[in-house]
Amino acid sequence: MTHTIEIQIPDIGGHEHVPVIELLVKAGDRVRKEQSLLTLESDKATMEVPSTASGIIKVLKVKVGDEVSAGSVIALLEVDTASAADPAALGVSAAIEIARPSHAPGAQHPVAQQPDGKSAMAVATGRMADIECQLLVLGSGPGGYSAAFRAADLGVDTVLVERHASLGGVCLNVGCIPSKTLLHAAMVIDEAAASAAHGVSFGKPHIELDKLCAFKTSVVGKLTGGLASMARQRKVRVVEGEGSFVSPYELKVKMATGEIRLIRFQHAIIAAGSQAVHLPLFPWQDERVMDSTGALELKDIPKQLLVVGGGIIGLEMATVYAALGSEVTVVEFMDQLIPGADADLVKPLARRLTGRLKGIHLSTRVASARATRFGIEVAYEGQSIPQTRVFDRVLVAVGRVPNGQRIGADKAGVAVNERGFIPVDSQLRTNVPHIHAIGDIVGQPMLAHKATHEAHVAAEVIAGQKSHFDVRAIPSVAYTNPEVAWVGVTEQEATQKGLKVKVSRFPWAASGRALGVGRTVGFTKLIFDEESHRIVGAGIVGVNAGELIAELGLAIEMGAEAADIALTVHPHPTLSESIGMAAEVSERTITDLYLPKKKA
């Protein structure tokens, strides 16, 4: 037999007239007990209202924009008599909803109690939790720790789960920070060598590998130690271990001791990042085959190093090892280095690297690799075959894959696509509304600064703020020598999309500052919309391009026109004034270059 029951709004913490912001089902849908039916948003919280039984939605009594209070009827549900008579169906899920809403910053988290005194949130597994919290953050990289700290600052009781002993994730421990420390050393070596042409000679550098590694380790230690201190100051509870979901509201953490701890949460932010691609054709059991993490350990300086992959990571590590004395060969499957950047930006870098590396081979791939007594022996396929076949070490830097398939997301009901990415909306919500995801795991670009901004949005949404991730442009930087940086629409992208744009360039050969530091290889390029004259993209190749690109990111976000940039007074003599001069080229007001008059 069937029976129709009313689904009502449970007690929502004393809030009245709370607007409906999203309907998650429609009339005729079959729903399961505890499935979310709609989303409410008060000034203090975002919350989902679940079904109290399994059945078919006969009538939805509300629409988006309606205001509801405790006791308001939101739907009529047709259920069988057995389900309707089940006290748990009518009581437990309502109790769960009481425990789930976020509360005002600084408020204590009220855990609803069952008659036996157990937490109502314990129904998912039937186990008592070792830890309960309002927010669970999985992963402590730049996205994860930023999310945890921002949420804590907004009064949300937060637990941060990290599988490694140090906070900071890949970026701080084995990525951005240690690589830039080594790249700085490489730059000093290159600058010292270049200064001989200006009458200042230093002689051949003496590399003390242990000291260099110790410096790198000390930099990492200062940053990760600072994170641990800030976590304590904010009362963020840090749990060390490998986390995976076991239900939509629970995460199990496997500690280093083998102990399993259960964390129960109201909201979660997945910040589990990505890992280096390990192509199966390489003998990874041999330590002479490295990914980027292994390359940063700097165990020795190989005489012959093969770098597989001519993207940002591969070229940055090629720069480091070449400066330290290795003969470096780069093999790239595509027909240009750093395939995501415009070809003209990459050319000055490619020319400089050609004189410093043993070889750069495009449209070429490694067909096989095997470990021998003498090194890693490789065979190639493609248009440009290197002569060297045996290398002391091989660095495989062909990209990264998200960790979406490694965290038990299916147990939480979170959708993960075939590539391991987790789709999210502009508030970083997954298909499970109380679970958000940020950083590498939600898609390209896989950049720490993108993750940080996404983290702030996710934390603010959970804390009840009306926040969205709405950026016009995210800068990318290759910290090579020279650096390559770009932001917004590339020329290549504009062509592919049929956008009407105007491009202006200022060559660094005409920059007084670039001449003074002996670094005239490079230029600044601005891309403007042809109709509005607003800047939509930019690229810089040259020393400190990564520092300079930020101004152009701001210009894109602010909707600046060419005249706005040209009329902004830049200090002289600096590399930054090349930005103003590139805009003057577009406006044809430039006096530091001669532009032939346009024909009438």
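Structure: above.
Chemist: Got a minute to help me understand the sheet that holds strand S21 (residues 375–382) in this structure?
Modeler: In any sheet, the strands associate via hydrogen bonds between backbone groups, in a parallel or an antiparallel arrangement. The 3 strands lie next to each other as S20-S21-S22, forming an open sheet whose pairing is antiparallel. Because the sheet does not close on itself, it has two edges, and the strands there are strand S20 (364–372) and strand S22 (390–391). Both S21 and S22 contribute to a ladder of 2 bridges, which runs antiparallel. Across the sheet, glutamate 377 pairs through a bridge with valine 390, a residue of S22.

Chemist: Could you clarify how one ought to interpret the pattern of salt bridges in this entry?
Modeler: Where charged atoms of side chains with opposite charge meet at close range, the side chains can pair. Throughout the structure, instances matching the rule amount to 25 salt bridges. Across the salt bridge formed by aspartate 344 and arginine 505, the nearest N and O atoms sit 2.8 Å from each other. In this pair, aspartate 344 sits in helix H9 (residues 343–354) while arginine 505 sits in strand S28 (residues 501–507), placing the two residues 161 residues apart along the sequence. In this structure, the salt-bridge partner of aspartate 344 is lysine 525, at a minimum N-O distance of 3.0 Å. Of the two residues, aspartate 344 sits in helix H9 while lysine 525 sits in strand S29 (residues 523–529), which places them 181 residues apart along the sequence. Lysine 525 shares its class with aspartate 344; the two are buried. Through salt bridges with shared partners, one network takes in Asp342, Asp344, Glu491, Arg505 and Lys525.

Chemist: Which parts of the structure should I look at to understand helix H6 (residues 209–233)?
Modeler: Since the α-helix packs 3.6 residues into each turn, any two residues three or four apart lie on the same face. Counted at 1.5 Å a residue, the expected span for H6 with its 25 residues is 36 Å, and the 36 Å between its end C-alpha atoms agrees. Those residues of H6 not exposed but buried are Leu209, Leu212, Cys213, Lys216, Val220, Thr224, Leu227 and Ala231. On its buried side, H6 packs onto helix H3 (142–153), helix H4 (169–174), helix H5 (176–194), strand S11 (237–240), helix H7 (292–297) and helix H8 (312–324). Backbone geometry just after H6 places lysine 235 at a positive phi near 60°.

Chemist: In this structure, what is going on with the packing of aromatic side chains? I would like to understand it.
Modeler: Two numbers describe a pair of aromatic rings. These are the distance of the centres and the angle of the planes. In total, this model carries 4 aromatic pairs according to the counting rule given. Ring plane angle 80° and centroid distance 6.0 Å describe the contact between phenylalanine 245 and phenylalanine 265, whose orientation is recorded as edge-to-face. Placement of the pair is phenylalanine 245 in strand S12 (residues 242–247) and phenylalanine 265 in strand S14 (residues 260–270), with a sequence separation of 20 residues. With respect to burial, phenylalanine 245 and phenylalanine 265 carry one shared label: buried. The interplanar angle of 40° and the centroid separation of 6.4 Å between the aromatic rings of tyrosine 249 and phenylalanine 265 together place this pair among those described as tilted. One end of the pair, tyrosine 249, is in the loop between S12 and strand S13 (250–254); the other, phenylalanine 265, is in strand S14, and 16 residues separate them in sequence. The same class applies to tyrosine 249 as to phenylalanine 265, namely buried. One aromatic cluster in this structure is built from Phe245, Tyr249 and Phe265.

Chemist: I would appreciate a short explanation of the nonpolar core in the present structure.
Modeler: Across soluble globular proteins, nonpolar side chains have a tendency to be buried as a group. Counting residues in hydrophobic clusters, the biggest one holds 38 residues, and the most contacted among them are Leu298, Tyr321, Val328, Val330, Ile338 and Leu395. Of all the secondary structure elements, the ones that give two or more residues to this core are H5, H6, H7, strand S17 (304–308), H8, strand S18 (327–331), H9 and strand S27 (483–488). Residue contributions to this core peak at 7 residues, all from H8. Contacts of leucine 395, omitting those with residues within four sequence positions, involve Met290, Asp291, Ser292, Ala295, Leu305, Leu306, Val307, Val308 and Met317. In this structure, Ile535, Ile540, Ala560 and Leu575 belong to the second largest nonpolar core, which totals 30 residues.

Chemist: Looking at this structure, how should I read unusual backbone geometry?
Modeler: Comment: phi is negative for the bulk of residues other than glycine, and the bulk of peptide bonds are trans. At the junction of asparagine 481 and proline 482, the peptide bond is cis and its omega measures out at 5° in the coordinates. Secondary-structure assignment places proline 482 in the loop between strand S26 (476–478) and S27. In the segment running from histidine 572 into proline 573, the intervening peptide bond is cis, with an omega of -5°. Here proline 573 is to be found in the loop between helix H14 (562–566) and helix H15 (577–587). Residue leucine 428 is not a glycine yet carries a positive backbone phi of 65°. Mapped onto the elements of the fold, leucine 428 is located in the loop between strand S24 (400–402) and strand S25 (435–437). In this structure leucine 428 comes out as buried when scored by relative accessible area, which is 2%. With a phi close to 60°, arginine 588 is a non-glycine residue in the positive phi region. Note on placement: arginine 588 falls in the segment after H15.

What counts, and at which threshold
In this convention, every chain numbers its residues from 1, walking through the sequence in written order. A pLDDT threshold of at least 70 governs which residues receive local features in this predicted model, and a stricter bar of 80 or more applies before side-chain atom pairs are shown or counted, although totals over entire chains, interfaces and linings include all residues. Side-chain calculation: all heavy atoms of the structure are included, whereas hydrogens and water are not. Here, any two strands with at least 2 DSSP bridges between them count as paired. Secondary structure elements follow DSSP: runs of H or I of four or more residues count as helices, runs of E of two or more count as strands, with numbering from the N terminus. Just to be clear on terms, a salt bridge is a Lys or Arg side-chain nitrogen sitting within 4 Å of an Asp or Glu carboxyl oxygen. Burial classes: relative accessible area under 20% of the type maximum marks a residue as buried, over 50% as exposed, and values in between as partly exposed (1.4 Å probe, protein chains only). A helix is expected to span 1.5 Å for every residue after the first. For this analysis, residues touch if any pair of their heavy atoms sits within 4.5 Å. In this scheme Phe, Tyr and Trp rings, the latter by its six-membered ring, pair at centre separations within 6.5 Å, and the angle between planes marks the pair as stacked below 30 degrees, edge-to-face above 60, and tilted otherwise. Take the buried residues of types Ala, Val, Leu, Ile, Met, Phe, Trp, Tyr and Cys, join any two whose side-chain atoms come within 4.5 Å, and each joined set is a nonpolar core.

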